[in-house]
Number of protein chains: 2
Amino acid sequence: MAKINKNFKKLQKNYLFIDIAKRTKAFIEANPGVTVLRLGIGDTTEPIPPVVIAGMHAGVEKLSKRETYTGYDDNLGNPRLKQAFVDWYQQRGVSLDTSEICIGDGGKPDSGNIQSIFSPKNIIAVSDPVYPVYVDSNVIAGRTGTYANGKYKGVVYMPLTSKNNFIPKVPDVKVDLIYLCSPNNPTGGVMSKKDLERFVKYARKNKSVIIFDSAYSMYIKDSDLPRSIYEIEGAKSCAIEISSFSKWAGFTGVRLGWTIVPKELVSEDSEKGELHAMWFRRQTTMFNGASNIAQEGGIAVLSKQGQKQCQQLVDYYMGNAQLIRNTFLKLGFTVYGGENAPYIWLKTPTGYSSWEFFDKVLSETHIVGTPGSGFGSCGEGYFRLSAFGKRENIEKAVKSIQKNLKL
Amino acid sequence: MAKINKNFKKLQKNYLFIDIAKRTKAFIEANPGVTVLRLGIGDTTEPIPPVVIAGMHAGVEKLSKRETYTGYDDNLGNPRLKQAFVDWYQQRGVSLDTSEICIGDGGKPDSGNIQSIFSPKNIIAVSDPVYPVYVDSNVIAGRTGTYANGKYKGVVYMPLTSKNNFIPKVPDVKVDLIYLCSPNNPTGGVMSKKDLERFVKYARKNKSVIIFDSAYSMYIKDSDLPRSIYEIEGAKSCAIEISSFSKWAGFTGVRLGWTIVPKELVSEDSEKGELHAMWFRRQTTMFNGASNIAQEGGIAVLSKQGQKQCQQLVDYYMGNAQLIRNTFLKLGFTVYGGENAPYIWLKTPTGYSSWEFFDKVLSETHIVGTPGSGFGSCGEGYFRLSAFGKRENIEKAVKSIQKNLKL
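Keep in mind that what you see is a predicted model, and the values were worked out from it rather than measured.

Digging into the sheet that holds strand S8 (residues 209-213) of chain A
Residue and element names in this part refer to chain A.
Right, on to step 1. Read across the sheet, 7 strands follow the order S2-S10-S9-S8-S7-S3-S6 without closing on themselves; strand pairing throughout is mixed. One side of each edge strand has no neighbouring strand; the edge strands of this open sheet are strand S2 (101-104) and strand S6 (156-159). The sheet shows a mean angle of 20 degrees between the axes of neighbouring strands, direction not considered.
Right, on to step 2. Alignment of S2 against strand S10 (residues 257-260), held across 4 bridges, turns out to be antiparallel. The residue of S10 that forms the bridge with Ile-103 is Trp-258.

Right under this line is the structure:
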């Protein structure tokens, strides 16, 4: 008699984007003819750069000919792609071995599945607000209790507030797995080297493991800010890095990412190399590699020309970010993010909850944003705007804000 | 203090293909200049058909233009691909709703991850010999005891032997999850409608769930044999179907598959629709859809012309199968499989274990096959040959067998 995994019952329905869709729909129905501008979701809108497109066409073409056709990928990653990563990391002083890089199909699956190599009894720490995948994957795996008042029992939440400039503080209790996302989704905050050093120190002392999500690292402009946790000394013994081509190269639909589980990484009960081997075993058992066409695209991204063209793509979205940021700053808002990250995190005006401000912005300016409270209780009183969008829509949006938002 | 998932320690190292590689390497080193023919691994070698290549090029091209670019896939599958599946299943009298089809990145990930929606205490039944992913994914999730004498404690094994014509018998104890693979890897056996009816009856009676892997269904020539478990009445209430484009369209490296969790499916402790919703939740939480380029290829596979061209690809490999099968039959071997499946399952000559026959075939004919014992203890005394390969190599192989194999 089959039984279900009861942990699924603990999961909160992800009402956030459903509620946003409902309210938006109701507004459109009540105001026929109005065009709504969507700055809510972090989905890419701009085409993939030419050199990457050419790489993927070549990848498809290879599969059409007997001489160049390839089947299964036995190494969890095209060796040329892995070598390109080694060279790319080396530019920032990070030395890796090709075998430490595991090519995956994106940041969501890798950050969701990585927990499976750890004990179901491990205690996790996440920021509040948080990217929901870190929490939900651990709920499914049974690492949390039930949900109440915006929190799961048994999870240690690290508040992100204006007081700490949206940088998580090292937990004052012992935790086993620590999820960090920098640049942060949703707040747009970026951790400095000093901030990361504190976490690396904590993790090494407590034999905790940091799961570092650097999906937005290419949006960092400030050269002093770390793009990889391995820029911090000692991080290889305590940190896993997960990253993605999604926002860097417009690969949200193409699906390509990478995860580094260093051979030096240890836990309380494992020697060097064991966690590395476990992730490799997990992936060879339950995954069969990213699409070879996507990987050819990834190789093109990492070429000189590819990096240049993808940087232009990033710059385009960051141009959007600047437009949004400056507009709200001029109107006297307190604005976070948007400088080294594609998310703008606004403080709502006094007296407005996140959802009240959502309704105000929608009705007055016809713009759909995301209520900060949807990402966790510390997000209450904040509002996220995404810089992913077509420039003409962002321009329309900022004009509408300037003209129509009642202050 | 992070701790590991100790279940990984129970996993047996997958020595099979490592051992094969080692012995092959040793043979080549001892016999310089000899060309070895590899018929061991089930990896595709022939190019992807033209109409599918055109579909994938068009998919890449879409991503290059602002007007046609798309990002995240919100529905776990391109709606056109899902509709094409509904039409395709309907041809065999199977009615599905598009929402019941979840597009994934291949049979291995889906058959590995599906167990996560079930209780960690569920008892699984698998065939012996078996495709290792079904077992290993459950070992990692903690549904088994330790390994001894070729078996994991707590797992119910259904022997596949010449006595039952390599068709699993319904367990005589109560089990919760039943993995069936038909056409079978490695034996090449195919379950009839009556065989499947027995399992459906058992599952409905015991509220068990069947996980039916039909990755090789397109290799079935006999029109009386079921290609989908949903051809059996009542299967929707007790069976999940997992399948793949890998062997059908040469997508081993492209990565595309599909999983059907019907809304009618129930378990002991869940109502209709709950398991369906749980799989959807698992996938939206920890997966972000298959590559949109691969999905455009999938749509092309399901077109009239695509189906025709992919059938030619299947026929090519089945031509290989016939060559291998007939060669061994003429030599007086007892041969199974290879008629409705791309695997030939040979009984080794009297006195030869699987590995002894492996060594004999390698040294005498320079052909690499797979010892049946590597797939489970009931595989001892058998030898698998794969029909995936270039025709010229298969022809060389059968000539060498005819000429050099000492009987």
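As for the interface of chain B and chain A
Right, on to step 1. Residue-level contacts link 84 residues of chain B with 84 residues of chain A.
Right, on to step 2. For the pair chain B and chain A, the two sides together bury roughly 6900 Å², of which 54% comes from carbon and sulfur.
Right, on to step 3. When the buried surface of chain B facing chain A is broken down by residue, Met-1, Arg-66 and Tyr-72 of chain B rank first, second and third, together holding 12% of it.
Right, on to step 4. Here chain B is connected to chain A by 12 salt bridges.
Right, on to step 5. Note that Arg-281 of chain A is salt-bridged to Asp-136 of chain B, the shortest N-O span being 3.0 Å.
Right, on to step 6. Along the contact surface separating chain B from chain A lie 59 residue pairs in polar contact (both at pLDDT 80 or more).
Right, on to step 7. Those elements that provide at least two residues to the side of chain B that touches chain A are helix H1 (7-10), helix H3 (50-62), helix H5 (107-113), helix H6 (132-140), helix H8 (246-249), helix H9 (274-286), helix H10 (292-301) and helix H13 (391-404) of chain B.
Right, on to step 8. Sort the elements by how many residues they give to the side of chain B that touches chain A and H9 of chain B lands first, with 8 residues.
Right, on to step 9. Grouping the constituent residues of the side of chain B that touches chain A by class yields 30 nonpolar, 30 polar and 24 charged.

Re the nonpolar core
Right, on to step 1. By size, the foremost hydrophobic cluster in this structure holds 197 residues, and its most contacted members are Ile-210 of chain A together with Ile-210 of chain B.
Right, on to step 2. What Ile-210 of chain B contacts, discounting residues up to four positions off in sequence, is Ile-178, Leu-180, Phe-199, Val-200, Ala-203, Ile-229, Cys-238, Ala-239 and Ile-240 of chain B.
Right, on to step 3. Membership of the second largest hydrophobic core comes to 68 residues, among which are Val-139, Tyr-179, Val-261 and Phe-287 of chain A.

Some points on unusual backbone geometry
All names here are of chain B.
Right, on to step 1. The step from Asp-128 to Pro-129 runs through a cis peptide bond, and the omega angle for that step is 0 degrees.
Right, on to step 2. Along the chain, Pro-129 turns up in the loop between strand S3 (124-128) and H6.
Right, on to step 3. In this chain, Asn-185 is followed by Pro-186 through a cis amide linkage whose omega measures 20 degrees.
Right, on to step 4. Mapped onto the elements, Pro-186 comes out in the loop between strand S7 (177-181) and helix H7 (193-206).

Considering helix H4 (residues 79-90) of chain A
Residues and elements named next belong to chain A.
Right, on to step 1. Across its 12 residues, H4 extends 16 Å between first and last C-alpha, which sits within 8% of the 16 Å expected from 1.5 Å per residue.
Right, on to step 2. All of the buried residues along H4 are Leu-81, Lys-82, Ala-84, Phe-85, Val-86, Trp-88 and Tyr-89.
Right, on to step 3. Where H4 is buried, its residues meet S2, strand S9 (239-244), helix H8 (246-249), S10, helix H10 (292-301) and helix H11 (304-330).
Right, on to step 4. One side-chain oxygen of the residue at the start of H4 lies 2.8 Å from the amide nitrogen of Arg-80, identifying that residue as Asn-78.

Things to note about the sheet that holds S3 of chain B
All names here are of chain B.
Right, on to step 1. The sheet built from 7 strands is open, its strands ordered S2-S10-S9-S8-S7-S3-S6 with mixed pairing. Single-partner strands in this sheet number two, and they are strand S2 (101-104) and strand S6 (156-159). On average, each strand axis in the sheet is inclined to that of its neighbour by 20 degrees, with strand direction left out of account.
Right, on to step 2. Pairing of strand S8 (residues 209-213) with strand S9 (residues 239-244) involves 4 bridges; the strand directions are parallel. Pairing of Asp-213 across the sheet is with Ile-242, part of S9.
Right, on to step 3. Packed on one face of the sheet, H6 meets S3, S7 and S8 and runs near 145 degrees to S3.

Notes on the relation of the copies chain B and chain A
Right, on to step 1. You can overlay chain B on chain A at an RMSD of 0.0 Å; the transform is a turn of 180 degrees with a shift of 0.0 Å along its axis. Look at the turn and shift together and you get a two-fold axis relating the two. Considering only C-alpha atoms, the residue of chain B closest to the rotation axis is His-57 of chain B, which sits at 3.0 Å.
Right, on to step 2. By residue overlap, the copies meet face to face through one surface: 100% of the interface positions of chain B are interface positions in chain A.

Some thoughts on the side chain of Thr-24 of chain A
Residue and element names in this part refer to chain A.
Right, on to step 1. Structurally, Thr-24 can be placed in helix H2 (residues 15-30).
Right, on to step 2. According to the relative accessible area criterion, Thr-24 is buried, its value standing at 2%.
Right, on to step 3. Among the polar contacts made by the side chain of Thr-24, one reaches the main-chain carbonyl oxygen of Ile-20 at a distance of 2.6 Å.
Right, on to step 4. Beyond its immediate chain neighbours, meaning those up to four positions away, Thr-24 contacts Val-36, Arg-38, Phe-358, Leu-362 and Val-368.

Things to note about the packing of aromatic side chains
Right, on to step 1. Taken as a whole and assessed by the stated rule, the structure comprises 60 aromatic pairs over all chains.
Right, on to step 2. A centroid spacing of 5.3 Å and a plane angle of 70 degrees characterise the contact between Tyr-216 of chain B and Tyr-343 of chain B, whose relative ring orientation is edge-to-face. Taken together, the residues span a long stretch of sequence, with Tyr-216 of chain B in the loop between S8 and S9 and Tyr-343 of chain B in strand S12 (residues 343-347) at a distance of 127 residues. Residue Tyr-216 of chain B shares its accessibility class with Tyr-343 of chain B, and that shared class is buried.
Right, on to step 3. An aromatic cluster is defined as three or more aromatic residues linked by ring pairs; in this entry it consists of Phe-85, Trp-88, Tyr-89, Phe-245, Trp-248, Phe-251 and Trp-258 of chain A.
Right, on to step 4. The ring of Tyr-157 of chain B carries the charged tip of Lys-151 of chain B above its face, separated from the ring centre by 4.9 Å.

Conventions used here
- Residues numbered from 1 in each chain as written.
- Chains lettered and ligands numbered in written order.
- Predicted model: local features only at pLDDT ≥ 70, side-chain atom pairs only at ≥ 80, totals over all residues.
- Heavy atoms only, no water.
- Pairing = 2+ DSSP bridges.
- Helix = DSSP H or I, 4+ residues; strand = E, 2+ residues; numbered from the N terminus.
- Axes fitted to C-alpha atoms, helices over the stretch in contact; angles between N-to-C directions.
- Contact = heavy atoms within 4.5 Å.
- Buried area = accessible area lost by both parts, 1.4 Å probe.
- Salt bridge = Lys/Arg side-chain N within 4 Å of Asp/Glu carboxyl O.
- Polar contact = N/O pair within 3.5 Å; in protein donor to acceptor, adjacent residues only side chain to side chain.
- Nonpolar A, V, L, I, M, F, W, Y, C, P; charged D, E, K, R; others polar.
- Core = buried A, V, L, I, M, F, W, Y, C linked by side-chain atoms within 4.5 Å.
- Buried < 20%, exposed > 50% of the residue type's maximum accessible area, 1.4 Å probe, protein only.
- Expected span 1.5 Å × (residues − 1).
- Least-squares fit on C-alpha atoms with pLDDT ≥ 70 in both.
- Phe/Tyr/Trp six-rings, centres within 6.5 Å; stacked < 30°, edge-to-face > 60°.
- Lys NZ or Arg CZ within 6 Å of the ring centre and 35° of its normal.

Function cannot be read off these values alone, since they describe shape.
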